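# Remarks on the overall topology
Take a look at the letters that make up each chain.
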Amino acid sequence: PSALTFAERALTQGPRNPFFLDTAGWANHVAGNKDRAMQLLRDARLREPGNAEIRYHLGAVLSRAGRNVEAKEEIEAAIRTNVTFDGINDAKTLLATLK
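Residues numbered from 1 in each chain as written. Predicted model: local features only at pLDDT ≥ 70, side-chain atom pairs only at ≥ 80, totals over all residues. Heavy atoms only, no water.

## Notes on the packing of aromatic side chains
Applying the stated rule across the entire model yields two aromatic pairs. Aromatic pair Trp26 and Tyr56: ring centres 5.8 Å apart, planes at 45°, arrangement tilted. Of this pair, Trp26 sits in helix H2 (residues 18–30) while Tyr56 is found in helix H4 (residues 52–64), placing the two residues 30 residues apart along the sequence. On the basis of an interplanar angle of 35° and a centroid distance of 6.0 Å, the ring pair of Tyr56 and Phe85 is categorised as tilted. Linking Tyr56 in helix H4 with Phe85 in the loop between helix H5 (68–80) and helix H6 (88–98), this pair joins segments that are 29 residues apart in sequence. The exposure class assigned to Tyr56 is buried, which follows from its relative accessible area of 7%. Here the aromatic cluster, defined as three or more aromatic residues joined through ring pairs, consists of Trp26, Tyr56 and Phe85. (Phe/Tyr/Trp six-rings, centres within 6.5 Å; stacked < 30°, edge-to-face > 60°. Helix = DSSP H or I, 4+ residues; strand = E, 2+ residues; numbered from the N terminus. Buried < 20%, exposed > 50% of the residue type's maximum accessible area, 1.4 Å probe, protein only.)

Structure below.
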């Protein structure tokens, strides 16, 4: 809960910052606020489309919402960047369940 509060507070300081959006989106995801998480992560992806971690986070939220086709697209795009990011192994595991 404190991470969510901190992330949302940081977002007020930089509401267009894709990294703040991602952090707040992921914190909302972990807290079970899927609609807010999806809104923030979609915005982060639009602002930083080449960021693998943001795309993985969005894919995970989409998967939890049952939007598996979109989730698969996001996670595949994240892995295709060939950039190592926190959660890459989780992304690969989740992708295997979406096939």
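Moving on, there is more to tell.
## Some points on helix H1 (residues 2–13)
Along its 12 residues, H1 runs 17 Å from first to last C-alpha, staying within 8% of the 16 Å computed at 1.5 Å per residue. Among the residues of H1, those classed as buried are Leu4, Ala7 and Leu11. Down the axis of H1, the smallest arc covering the buried residues is 65°, so these residues share one side. Residues of H1 that are exposed and point over 90 degrees away from its buried face: Ser2, Phe6, Arg9, Thr12 and Gln13. (Expected span 1.5 Å × (residues − 1). Arc of directions from axis to C-beta.)

## Re the environment of Glu53
With respect to the element layout, Glu53 can be found in helix H4. Note: C-alpha distance between Glu53 and Ala91 (38 residues apart in sequence) is 9.2 Å. Those residues in contact with Glu53 that lie beyond four places of it in its chain are Phe85 and Asp86. (Contact = heavy atoms within 4.5 Å.)

So yeah, pure geometry; function would need other evidence.
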